[in-house]
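A closer look at the structure
Listed below, chain by chain, are the residues.
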Amino acid sequence: MSKSFVYRPDIDGLRAVAVLLVVFYHAGFTTIKGGFIGVDVFFVLSGFLITLILDREIRTGEFSFKKFYLRRIRRLLPALLFVLVVTSVFCFYYLVPGDLIAYGNSLRYALLSLSNVYFWLNTGSYFSKNVDELPLLHTWSLSVEEQFYFVWPVFLLAMSRFFSRTTTWVLFILGFFAAFGIADWAAVNKASAAYYFLPTRAYELMLGAGLALAWDDFPRLNARQNNLLSLVGLSMIIGTSLLLNKSQVFPGVNALWPCLGTALLIASGKHQEQAGIVNRILAIKPVVAIGLISYALYLWHWPILALINYQGIELTKPVASFAIGASVIMAVLSYFFIEKPFRTKLIFSFEKSFVIWLLIPLVVSVFGYQYVQGKDGFKERFENLFNPSNKVLPDLEKANLGKLSGSYLGVKKEKLDGLFIGDSMAGAYLDFVNVLAVDARLFIYGSHLSGLPPFLGQFDYPREDALETRTPDKLEQNELRIKEAGNYRFVILSASWANGFPYLGHSEEDINRTIEYYINNKVKVIVLWKPNFFGGARIYNQAVAQLMRTKTLVDFKIKDQPTKIVADLKEKYPDIILISPNDVLCKDGECDVQIDGTFIYSDQAHLNRLGSFLLGEKYLKINGNPLSGL
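Criteria and cut-off values
- Residues numbered from 1 in each chain as written.
- Predicted model: local features only at pLDDT ≥ 70, side-chain atom pairs only at ≥ 80, totals over all residues.
- Heavy atoms only, no water.
- Helix = DSSP H or I, 4+ residues; strand = E, 2+ residues; numbered from the N terminus.
- Disulfide = S-S within 2.5 Å.
- Buried < 20%, exposed > 50% of the residue type's maximum accessible area, 1.4 Å probe, protein only.
- Polar contact = N/O pair within 3.5 Å; in protein donor to acceptor, adjacent residues only side chain to side chain.
- Contact = heavy atoms within 4.5 Å.
- Phe/Tyr/Trp six-rings, centres within 6.5 Å; stacked < 30°, edge-to-face > 60°.
- Lys NZ or Arg CZ within 6 Å of the ring centre and 35° of its normal.
- Pairing = 2+ DSSP bridges.
- 1 Å grid on protein atoms, 1.4 Å probe; cavity = no way out; pocket = protein on both sides within 12 Å on 5 of 7 lines; lining within 4 Å.
- Points joined across faces, edges and corners; volume = space filled by probe spheres on them.
- Nonpolar A, V, L, I, M, F, W, Y, C, P; charged D, E, K, R; others polar.

Some remarks on the environment of Ala223
Along the polypeptide, Ala223 turns up in helix α10 (residues 223-243). Between the C-alpha atom of Ala223 and that of His271, which follows or precedes it by 48 residues, the distance is 9.4 Å.

Things to note about the state of the cysteines
Evaluation of the coordinates by the stated rule reveals one disulfide. Covalently, Cys586 is tied to Cys591 through a disulfide, its sulfur atoms 1.9 Å apart. For the disulfide bridge between Cys586 and Cys591, the dihedral angle about the S-S bond is near 100°, and by the sign convention the bridge is right-handed. Residue class for Cys586 comes out buried when judged on its relative accessible area of 17%. Classification of Cys591 by relative accessible area gives buried; the value is 1%.

Quick look at the side chain of Ser143
Looking at the element boundaries, Ser143 is found in helix α6 (residues 139-162). Within the structure, Ser143 has its side chain in polar contact with the side chain of Ser115 (distance 2.8 Å). Dropping the residues within four chain positions of it, Ser143 is found in contact with Ser113, Leu114, Ser115 and Asn116.

Quick word on the packing of aromatic side chains
Inspection of every chain in the model, using the stated rule, returns 52 aromatic pairs. With 5.0 Å between their ring centres and 80° between their planes, Phe36 and Phe250 make a pair best called edge-to-face. Note that Phe36 is positioned in the loop between α1 (9-26) and α2 (38-60) and Phe250 in the loop between α10 and α11 (256-268), a separation of 214 residues in sequence. The exposure class assigned to Phe36 is buried, which follows from its relative accessible area of 2%. Here Phe250 falls in the buried class, since its relative accessible area comes to 5%. Measuring from centroid to centroid gives 6.4 Å for Phe42 and Tyr298, while their planes differ by 65°, and the two rings are edge-to-face. Residue Phe42 is found in helix α2, and its partner Tyr298 is found in helix α14 (residues 294-310); the two are separated by 256 residues along the sequence. Judged by its relative accessible area of 14%, Phe42 is buried. Among the aromatic side chains, those forming a connected cluster through ring pairs are Phe63, Phe65, Phe68, Tyr69, Phe148, Tyr149, Phe150, Trp152, Phe155, Trp169 and Phe172. Over the face of the ring belonging to Tyr149 we find Arg72, whose NZ or CZ atom lies 5.2 Å from the ring centre.

Examining the sheet that holds strand β7 (residues 557-559)
Strand order in the open sheet formed by three strands is β7-β10-β9, and the pairing between neighbours is antiparallel. Every interior strand has two partners, whereas the edge strands, β7 and β9 (586-587), have only one. In the sheet, β9 pairs with strand β10 (residues 590-592) via two bridges, with the strands oriented antiparallel. Residue Cys586 lies in a different strand from β10, and its bridge partner there is Cys591.

Focus: the layout of surface pockets
Considering only enclosed or pocket space, the second largest pocket measures out at about 1,000 Å³ in volume. Sorting the residues of the lining of the second largest pocket by element identifies α1, α2, α3 (65-94), α6, α13 (285-292), α14 and α15 (317-344) as the ones contributing at least two each. Top contributing element to the lining of the second largest pocket by residue count: α2, with seven residues. Looking at the lining of the second largest pocket, its residues break down into 17 nonpolar, five polar and twelve charged.

Given below as structure tokens:
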């Protein structure tokens with residue numbers, strides 16, 4: 001570390017400011033609309049402190065990668081692993097199967113220091129709807145810092161060996177402005193990537209790093225000058241947190257102001273006997289105490305808030321206060337019993353630390369994720385919740401039809417009567433159709449391909465997370481089953497019909513062409529309308545949380561969602577048969593989510609198997625069988 005740098009309690013105080021901005025913002029304190037800039041304060045501090053250490057060690061010949069990364073491992077991983085273990089226990093209890101699998105995946109990426117990449121790929125924007133239910137979302141910033149730790153020592157070491165100090169400064173300044181230009185351009189043109197990625201955050205870390213490189217040459221300021229610098233610096237941080245909001249361009253130039261403010265506060269406290277007034281306030285013990293637990297508090301606050309949000313509990317002021325209080329308690333425990341001992345007392349060699357704190361957890365997370373995925377998210381955790389009557393449905397017979405894979409439905413005969421084809425909605429409706437097919441004495445083959453609706457034409461599909469469903473093999477199967485259905489008396493089509501739904505909104509011609517293909521081949525077309533969706537994952541989670549607490553959803557309703565798409569099809573092609581299961585679930589614009597005390601959904605959009613079966617029986621009883629006589 002630089003010869004002129006001693007422990008600065010005000011820097012811990014600045015950490016306190018940063019973490020409190022983030023915590024209060026996430027806890028829903030609306031005054032602090034831009035509290036997310038606390039992370040930017042952390043970035044500048046990290047760039048400054050890490051570069052001070054690296055620059056001194058490189059100049060004195062004391063630097064080694066093993067020693068550097070050993071300090072990073074001891075500083076970051078014990079507390080992080082403690083939080084991950086505890087969070088995983090709660091996630092196993094609360095998260096529904098699909099979300100538990102996704103959590104396990106995010107856990108692997110967090111340990112690989114790639115969670116910023118994971119959340120960019122899977123959430124899009126940091127400010128997207130329902131991201132506040134993802135327990136490890138906050139680890140994106142840790143990944144950015146850890147990626148910086150891989151790059152920055154190499155850069156400084158190379159500069160010291162191959163270039164003069166002057167050349168290093170020239171290259172550094174050019175790199176800083178290039179990084180700032182990239183960040184500002186990306187914030188406007190690639191906002192989601194700009195928020196999550198190191199190249200667009202690099203200038204913030206470099207701002208702190210540049211201050212560290214110039215530390216010994218930084219001029220000595222008098223008390224009045226430091227007072228002014230510290231007041232301006234704090235104003236830039238607090239002012240940005242109050243004036244900025246998530247709808248504005250960020251990071252880019254809007255992240256520059258809190259970063260400059262942080263740099264000014266670091267500079268104004270260089271000489272403690274003449275430190276600025278804000279630095280002296282930040283150095284008082286209660287503020288420093290919060291700064292000391294800031295890393296642990298950052299780690300804990302988000303999973304606690306995310307799990308509260310996940311259960312659909314409204315984040316009122318009392319609830320938010322409870323969450324903050326719980327976060328502080330866990331942060332204090334983590335600091336004194338995990339973080340501090342493993343930094344100062346329980347010190348292992350690099351090799352042992354690497355194995356204990358990184359390699360073993362990573363292996364466990366990889367195999368754990370595979371196991372959770374193989375167990376389908378441990379669906380049996382919710383069996384009694386979703387199936388209070390313990391009714392067991394027989395497995396549908398799996399079968400192949402040429403190159404197609406699917407299931408036999410109804411009453412088995414020598415020849416099939418018709419095909420039932422669709423996307424994941426068809427998969428959720430298999431038992432529903434099976435009930436109708438058995439009653440009508442029909443033999444039907446069911447084929448479902450997630451993300452692939454049963455329409456001719458390979459139209460654009462804009463959702464990146466569905467690219468795996470658009471492989472050439474699956475596209476070929478989709479076209480094959482559509483054409484195959486033209487050889488039978490009838491076809492049942494199922495899809496995620498909805499106004500403006502991405503892969504339907506761009507494919508009206510494909511839908512019409514498909515129906516006309518069947519009409520021209522004298523195939524009866526039956527359109528199976530989807531069940532009403534919950535209004536987002538959060539409302540579904542509210543239902544599950546209520547079910548866990550009260551064991552009933554008799555008073556829980558979702559809105560009926562009438563659409564023009566299917567109505568327009570019926571008007572254009574009056575001979576098609578329309579089956580809308582919502583007819584027996586909805587009344588006066590509200591729809592039940594349970595039948596005879598059984599919750600019928602597996603997620604916010606799809607029926608579970610028992611729900612599909614019960615819905616078929618209820619539809620048959622109330623509306624009769626639309627498949628009779630086919």
